[in-house]
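Residue-level listing of the chains:
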Amino acid sequence: MPPTLTFIPPGEARAFSVSKGALIRIINSEGHQVVDTWAFDSSSSNEFLSMAHSRSSLYRLFFKPGDTLVSNRFRPMLTILKDTSPGYHDTLHAACSLESNRYYGAEHLRPNCQDNLKKIMHSRETPLQAIPCPWNIFERAVILPDGELKDEPSLAATGDYLELNAEINLVLVCSACPSLIGNISSGRPRGATVEIINQQ
Ligand SMILES: [Zn+2]
């Protein structure tokens, strides 16, 4: 199968069926874009990429090339092969949602990554029981010495990418985060591109 390149406009999401052994490139095609990313076992959305379990298995708060991220059942799901960005990929923040926008006094902000995920999974007839914490690729969240978590604008430049290997057959969902809270996308979300390269 030839590689597929899919542009995700800001505020939108796309789902991809990815075979075990395929390469995934999440490309910051316009620069400074945060990409909320989820992965689910292709046969059950009850098994999903888990930030908490990956932090526990890797004993790290943030992940780097060579790391294998795991599911909520500690099964390998994604291995980071290459990262051309400055390396900031938050694992701590919840996805933006109607409720979080209300909480931060930004009810006017629409759409949001959580609704994007819910809609996409519903359309695939795999509705979710709960919303996993996303892997916030290219999001620069910094932990200060006293434990405070601070948002900084993404440093990812145009063309920077994160390359992943799929360890199982999975459904990948990527949302080009539209949030302006914390200025995480350096002023203006611009969209991102996902490339899937099947190895077989
Ligand atoms: Zn978002």
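Residues numbered from 1 in each chain as written. Predicted model: local features only at pLDDT ≥ 70, side-chain atom pairs only at ≥ 80, totals over all residues. Heavy atoms only, no water.

Caption draft 1: Seen up close, the sheet that holds strand 14 (residues 192-197). Strand order in the open sheet formed by six strands is 1-14-3-12-7-6, with antiparallel pairing between adjacent strands. Where the open sheet ends on each side, the last strands, each with one partner, are strand 1 (4-8) and strand 6 (68-70). Neighbour-to-neighbour, the strand axes of this sheet turn through a mean angle of 25°, independent of strand direction. Judged from the five bridges that link them, strand 3 (residues 23-27) and strand 12 (residues 161-166) form a sheet pairing that is antiparallel. Its bridge partner being in strand 12, Ile24 is matched across the sheet by Leu164. (Pairing = 2+ DSSP bridges. Helix = DSSP H or I, 4+ residues; strand = E, 2+ residues; numbered from the N terminus. Axes fitted to C-alpha atoms, helices over the stretch in contact; angles between N-to-C directions.)

Caption draft 2: Structural context of the nonpolar core. Ranked by size, the top nonpolar core spans 30 residues in total, and within it Val18, Ile24, Trp135, Leu170 and Leu172 carry the most contacts. Among the elements of the structure, strand 2 (13-18), strand 3, strand 4 (35-41), strand 7 (76-83), strand 9 (135-137), strand 12, strand 13 (170-176) and strand 14 are those that each provide at least two residues to this core. Sort the elements by how many residues they give to this core and strand 13 lands first, with four residues. Ala13, Cys113, Met121 and Ile184 belong to the second-largest nonpolar core, a separate cluster that totals 14 residues. (Core = buried A, V, L, I, M, F, W, Y, C linked by side-chain atoms within 4.5 Å. Buried < 20%, exposed > 50% of the residue type's maximum accessible area, 1.4 Å probe, protein only.)

Caption draft 3: The arrangement of the side chain of Asp67 in detail. Looking at the element boundaries, Asp67 is found in the loop between helix 1 (51-58) and strand 6. Taking the relative accessible area as the measure of exposure, Asp67 reaches 6% and is therefore buried. A polar atom in the side chain of Asp67 sits 2.8 Å from the backbone nitrogen of Lys64. Apart from residues lying up to four places away in sequence, Asp67 is in contact with Leu58, Arg60, Phe62, Leu78, Thr79 and Ile80. (Polar contact = N/O pair within 3.5 Å; in protein donor to acceptor, adjacent residues only side chain to side chain. Contact = heavy atoms within 4.5 Å.)

Caption draft 4: Structural view of the pairing of strand 5 (residues 44-48). The pairing of strand 4 with strand 5 spans two bridges and is classified as antiparallel. By the bridge assignment for strand 5, Asp41 is matched with Ser44. Between the antiparallel neighbours strand 4 and strand 5 lie two residues.

Caption draft 5: Focus on the packing of aromatic side chains. A complete count under the given rule lists two aromatic pairs for this structure. Aromatic side chains Tyr103 and Tyr104 sit 5.2 Å apart centroid to centroid with 85° between the ring planes, which places their arrangement in the edge-to-face category. Take Tyr103 and Tyr104: they sit in the same class, and that class is exposed. Taking the ring centre of Tyr88 as reference, the NZ or CZ of Arg140 above it sits at 5.2 Å. (Phe/Tyr/Trp six-rings, centres within 6.5 Å; stacked < 30°, edge-to-face > 60°. Lys NZ or Arg CZ within 6 Å of the ring centre and 35° of its normal.)

Caption draft 6: Spatial organisation of the environment of Phe40. Tracing the backbone shows Phe40 in strand 4. By relative accessible area, which is 1% here, Phe40 ends up buried. Along the chain, Phe40 and Ser71 lie 31 residues apart, while their C-alpha atoms are 8.3 Å from each other. Each residue touching Phe40, except ones within four places of it in the same chain, is listed here: Ser45, Glu47, Phe48, Met77, Leu117, Met121, Leu128, Pro132, Asn169, Leu170, Val171 and Val173.

Caption draft 7: Representation of the coordination of the zinc ion. Surrounding the zinc ion are the protein donor atoms Cys96 (SG), Cys113 (SG) and Cys177 (SG), at 2.2 to 2.3 Å. Linear spacing of the donor residues for the zinc ion on their chain is C-x16-C-x63-C. Of this pair, Cys113 sits in helix 3 (residues 113-123) while Cys177 sits in the loop between strand 13 and strand 14; the two residues are 64 residues apart in sequence, bridging distant segments of the chain. Cys177 shares its class with Cys113; the two are buried. (Donors = N, O, S within 2.8 Å, 3.2 Å for Na, K, Ca; no water.)

Caption draft 8: Highlighting unusual backbone geometry. Phi at His32 is positive, roughly 60°, even though this residue is not glycine. One can find His32 in the loop between strand 3 and strand 4. Positive phi, normally seen in glycine, also occurs at Tyr59, with a value near 50°. By secondary structure assignment, the location of Tyr59 is in the loop between helix 1 and strand 6.

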